[in-house]
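So the chains spell out like this:
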Amino acid sequence: MRIDIMTLFPEMCNSVLGESIIGRARETGKVEINTVDIRDYTEDKHRRVDDKPYGGGMGMVMQAEPVYACYKALCEKTGTAPHLIYMTPQGKTLTQERVKELSGLDNIAILCGHYEGIDERVIEELHPEEISVGDYVLTGGELPALILADSISRMLPGVLSGEKCYTEESHYNSLLEYPQYTHPSEWHGRAVPEVLLSGHHANIDAWRREQSLKRTSERRPDMLEKAELTEKDKIYLSALG
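Here the structure is a predicted model, which is why all the values come from computation and not from measurement.

In the structure shown here, the tally under the stated rule is 14 salt bridges. Salt-bridge contacts for Glu-129 lead to Arg-98; the nearest nitrogen and oxygen are separated by 2.9 Å. Of the two residues, Glu-129 sits in strand 7 (residues 129-132) while Arg-98 sits in helix 4 (residues 96-102), which places them 31 residues apart along the sequence. Salt-bridge contacts for Lys-214 lead to Glu-218; the nearest nitrogen and oxygen are separated by 2.9 Å. Remark: Glu-218 and Lys-214 occur in helix 9 (residues 201-219); sequence separation between them is four residues, near one turn of the helix.

Bringing the sheet that holds strand 5 (residues 83-93) into the picture now. Strand order in this open sheet of five strands is 2-1-6-5-7, and the pairing throughout is parallel. With partners counted over all chains shown, the strands left at the sheet margins are strand 2 (32-37) and strand 7, one partner each. Taken over all neighbouring pairs, the strand axes of this sheet differ in orientation by 30 degrees on average, direction set aside. One ladder, built from five bridges, connects strand 1 (residues 2-7) with strand 6 (residues 107-112); its direction is parallel. Paired with Met-6 across the two strands is Leu-111, which belongs to strand 6.

Below, the discussion takes up the packing of helix 1 (residues 10-17) against helix 6 (residues 142-153). Packed helix pairs are specified by the crossing angle of their axes together with the interaxial distance, meaning the distance between the axes. Running from N to C, helix 1 and helix 6 point in directions that differ by 35 degrees, and their axes come no closer than 10 Å. When you trace helix 1 past helix 6, the crossing you get is right-handed. Together, Met-12, Cys-13, Val-16 and Leu-17 of helix 1 and Glu-142, Leu-143 and Leu-146 of helix 6 make up the contact between the two elements. Here the contact of helix 1 with helix 6 is composed, by residue class, of six nonpolar, no polar and one charged.

What counts as what
- Residues numbered from 1 in each chain as written.
- Predicted model: local features only at pLDDT ≥ 70, side-chain atom pairs only at ≥ 80, totals over all residues.
- Heavy atoms only, no water.
- Salt bridge = Lys/Arg side-chain N within 4 Å of Asp/Glu carboxyl O.
- Helix = DSSP H or I, 4+ residues; strand = E, 2+ residues; numbered from the N terminus.
- Pairing = 2+ DSSP bridges.
- Axes fitted to C-alpha atoms, helices over the stretch in contact; angles between N-to-C directions.
- Left-handed = near helix turned anticlockwise from the far one by under 90°.
- Contact = heavy atoms within 4.5 Å.
- Nonpolar A, V, L, I, M, F, W, Y, C, P; charged D, E, K, R; others polar.

Here it is, written out as structure tokens:
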């Protein structure tokens, strides 16, 4: 998969993308993630890409033409039209289900807004998918773009050590993940649950399933409406009250 992040601050993105699991995945060719500087596509000799908003108001607005030219250059470079995503608090909230769907695409371009946003005309012209990472506002789209790129990349074959690394995590199947423990077996008077020390994998799996159901019921009961529940799950949840 190829992911291009269209941004005014490529170094901000590169400093994150070179680290940890995603950094290794890029090095080994499991995923290709590039940052593209929108300033490279302005005709202004001072590399300006913004101007004052029509109608007055605070801040500056990113101009349409540099954004448009940047995306069109990507289309020419890749020989296709990458699926364009605009990170904006006005978009649909990102879900794990949408991440799974996006991970099946070959080519994605992520557009990062900044300042007071982007000239609406280029949004209308390019008609990107609009995605939000939550009901709050950040100074720009770079952090949300990194969240999206990370969440998609870790779903790709070979990025994590195995499928269970993400299929058992929170939200994957509309359930929160079970609690995790490591050494030592006792800490501050708190012991690791005996079942995890038993070596009995079937019992461990059953305990983890129950803990996921219990935790989801207590913290995010709304998620249970979308979860695929067995009859055994339903009986367990009913017993929880």
